[in-house]
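# Close look at the chain arrangement
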Amino acid sequence: MSFPPGIRRRFVVSFPLLLLVTLSFAVVATADGASQDDGPELPACNNPFKLVKVKIWVDGVEGEDLSGITASFGASLPEEANKSSKLPAVFSNPLNGCSNSSSKLTGSVALSIRGDCDFVTKAKVAQSGGASALLVINDNEELYKMVCSENDTSLNISIPVVMIPKSAGDAINKSMEEKHVEFLLYAPTRPIVDFSVIFLWAMAVGTIVTASLWQEFGTSENSDERYNELSKESPNAGTGDDDDKEILDISVKGAVVFVITASTFLVLLYLFMSAWFVWLLIVLFCIGGVQGMHTCIMTPIVRKCRNCPQKTLNLPIFGEVSIVSFVVALCCLIFAVVWAVNRRESYSWVGQDILGICLMITVLQLARLPNIKVATVLLCCAFVYDIFWVFLSPLIFHQSVMIVVARGDNSGGESIPMLLRVPRAFDPWGGYDMIGFGDILFPGLLVAFAFRYDKACKKHLANGYFLWLIIGYGFGLLFTYLGLYLMNGQGQPALLYLVPCTLGVTVILGLVRGELKELWNYSPESSSATTNLTGEA
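Here we summarise the structure given alongside this text. Note that this is a predicted model, so its numbers are computed, not measured.

Another point: the pairing of strand 10 (residues 312-315). With four bridges joining them, strand 10 and strand 11 (residues 319-322) adopt antiparallel strand pairing. Directly across from Asn314, in strand 11, lies its bridge partner Glu320. The antiparallel pairing of strand 10 with strand 11 creates a hairpin that spans three residues between the two strands, and Ile317 there sits at a positive phi of about 75 degrees.

Scanning all chains against the criterion turns up one disulfide. Looking at the unpaired Cys358, the closest cysteine sulfur is the one in Cys296, lying at 4.3 Å. Counting only cysteine sulfurs, Cys380 is the nearest neighbor of Cys381, a cysteine outside any disulfide, at a range of 7.2 Å.

A few words now on helix 10 (residues 323-341). Helical geometry note: an α-helix holds 3.6 residues per turn, so side chains three or four residues apart project in the same direction. Here helix 10 contains 19 residues, and its C-alpha end-to-end distance of 27 Å stays within 8% of the 27 Å for a straight helix at 1.5 Å per residue. Of the residues making up helix 10, those classed as buried are Ser325, Val328, Ala329, Cys332, Ala336, Trp339 and Ala340. The arc enclosing the buried residues of helix 10, seen along the axis, measures out at 110 degrees, which places them on a common side.

Across soluble globular proteins, nonpolar side chains have a tendency to be buried as a group. Membership of the largest hydrophobic core comes to 91 residues, with the highest contact counts inside it found for Leu369, Leu420, Leu446 and Tyr473. Counting residues in hydrophobic clusters, the runner-up holds 24 residues, among them Leu51, Ala71, Ala126 and Cys148.

Our focus in this paragraph is the packing of aromatic side chains. Ring pairs (aromatic) are described by centroid distance and by the angle formed between their planes. Counted under the stated rule, the structure contains 15 aromatic pairs. Seen from their ring centres, Tyr453 and Tyr522 are 5.1 Å apart, and the 80 degrees between their planes marks the pair as edge-to-face. Here Tyr522 lies in the loop between helix 18 (516-521) and strand 15 (531-532) and Tyr453 lies in helix 15 (residues 438-456), a separation of 69 residues in the sequence. Given the relative accessible area of 1%, Tyr453 is considered buried. Grouping aromatic residues by their ring pairs yields a cluster made of Tyr270, Phe388, Trp389 and Phe397.

What follows is about the pattern of salt bridges. One pass over the full model with this rule turns up eight salt bridges. With its nearest N and O atoms 3.9 Å apart, the salt bridge here joins Asp427 to Arg424. For Asp427, a relative accessible area of 9% puts it in the buried group. Note on Arg424: relative accessible area 11%, which makes it buried. Two residues, Lys459 and Glu515, come together in a salt bridge whose shortest N-O distance is 2.7 Å.

The linkage connecting Asn93 with the following residue, Pro94, adopts the cis geometry, with an omega of 15 degrees. You can see Pro94 is positioned in the loop between strand 4 (87-91) and strand 5 (109-113). Even without a glycine there, the phi angle at His398 is positive, about 65 degrees. Of note, His398 is situated in the loop between helix 13 (394-397) and helix 14 (401-407).

So, how was this worked out
- Residues numbered from 1 in each chain as written.
- Predicted model: local features only at pLDDT ≥ 70, side-chain atom pairs only at ≥ 80, totals over all residues.
- Heavy atoms only, no water.
- Pairing = 2+ DSSP bridges.
- Helix = DSSP H or I, 4+ residues; strand = E, 2+ residues; numbered from the N terminus.
- Disulfide = S-S within 2.5 Å.
- Expected span 1.5 Å × (residues − 1).
- Buried < 20%, exposed > 50% of the residue type's maximum accessible area, 1.4 Å probe, protein only.
- Arc of directions from axis to C-beta.
- Core = buried A, V, L, I, M, F, W, Y, C linked by side-chain atoms within 4.5 Å.
- Phe/Tyr/Trp six-rings, centres within 6.5 Å; stacked < 30°, edge-to-face > 60°.
- Salt bridge = Lys/Arg side-chain N within 4 Å of Asp/Glu carboxyl O.

Take a look at the structure:
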């Protein structure tokens with residue numbers, strides 16, 4: 001599992017990372033855009049939309065809860081389950097619920113499918129038949145907001161009306177075949193802030209800080225030399241030449257080309273998303289994660305144990321590798337395989353986050369911004385990219401391309417792995433809070449540059465740039481979550497907030513201190529063998 005350093009590192013950055021980071025620009029919220037305000041007690045036509053939890057029993061056995069959304073009309077649902085009643089489920093006949101039902105609906109939850117007439121008519125028919133509530137089964141997985149006009153007689157509808165997705169309707173239909181099904185409907189309040197947001201914020205900030213300070217552990221100076229001595233992989237071991245050869249300097253042209261390429265990949269994923277495509281991404285993620293974890297583990301081992309036993313193995317393809325390197329690589333591979341096999345389990349987020357953090361720390365050691373000029377081009381392009389594919393793409397594709405891809409629609413139940421995610425601890429609907437790798441890597445490149453610049457210019461924390469950019473990134477994430485809250489859970493382009501809070505802070509500080517020209521044209525010392533992102537030497 002241990003490649004020669006140059007090949008190993010270029011593979012991690014240039015091939016899997018381009019696909020991995022492409023999907024990771026936007027922060028994605030799984031919450032529906034429903035308001036959480038308390039609704040009016042009396043029937044009206046302007047009720048706030050509320051997420052609904054539907055508890056289900058089949059022949060007395062409790063099943064998996066379903067989710068829905070209330071209409072802008074009808075009665076309100078209680079916020080607590082113990083304040084609601086368990087009611088039998090009955091399909092309307094006809095199923096569209098547009099005319100008087102031949103099924104007995106009295107005291108039941110009536111079910112009808114969407115279509116053939118408006119929602120108000122369906123509610124009136126169900127209510128006139130004696131139903132205590134109406135569930136409308138949508139014709140797709142989106143939770144459509146059922147509305148009415150102020151002139152409608154829907155103001156007289158006194159039963160709750162809820163829409164559920166098509167998959168939920170299919171599951172109910174299957175359960176009701178010769179079985180007794182009962183429902184309990186209620187609308188619990190979602191907490192404004194969940195602990196998962198704080199944990200995710202700490203992970204994102206901590207990843208950037210760790211990656212920036214990783215150089216102090218010897219990564220950029222001499223740990224490659226020690227790694228070569230330990231692994232015996234390279235004929236140039238001990239020369240220190242590989243360190244410069246393995247750094248990828250991003251150029252202005254490379255920054256523009258990358259964002260254009262990322263957009264192309266995103267559209268292809270949107271158009272051709274399928275289970276096998278997601279599986280390909282999972283494999284690439286595991287490869288990158290194994291390499292990242294291997295590097296993160298070997299770095300402190302090499303630094304602390306330079307004189308470890310030099311026993312080696314001669315492996316096919318990989319050549320001569322140290323036993324320590326081989327054992328670490330094998331453990332990392334097992335870890336990634338176990339995660340892939342159990343990726344749908346409730347605890348799989350831990351393994352995904354560990355692999356992702358290791359990958360990002362490694363990448364931030366290998367790719368670097370040479371100055372603020374390149375940083376401005378890269379982050380401004382990413383800024384426009386993020387906003388366009390989240391907010392403006394629906395004008396062309398009728399959906400937010402970024403959110404659809406990150407959510408994994410049409411992927412056969414598989415989810416995109418290029419995200420840090422933490423389960424919501426106190427949310428009645430569960431789910432995850434997530435942040436894409438790109439929202440950490442792109443600002444992270446600028447923060448890592450600031451650390452190198454401060455170190456080269458011998459600046460202290462207060463008069464340097466690194467500390468202020470960390471603070472700016474932290475506030476940028478807070479603004480992102482504030483945007484999620486104010487937009488009722490609609491996915492937000494995180495770079496909309498992160499770029500001004502990092503690049504903007506750098507430019508303002510540079511202007512105030514009279515150092516902007518130096519930052520703009522700064523050129524770190526590097527050998528003539530340094531390879532930039534466009535392949536130019």
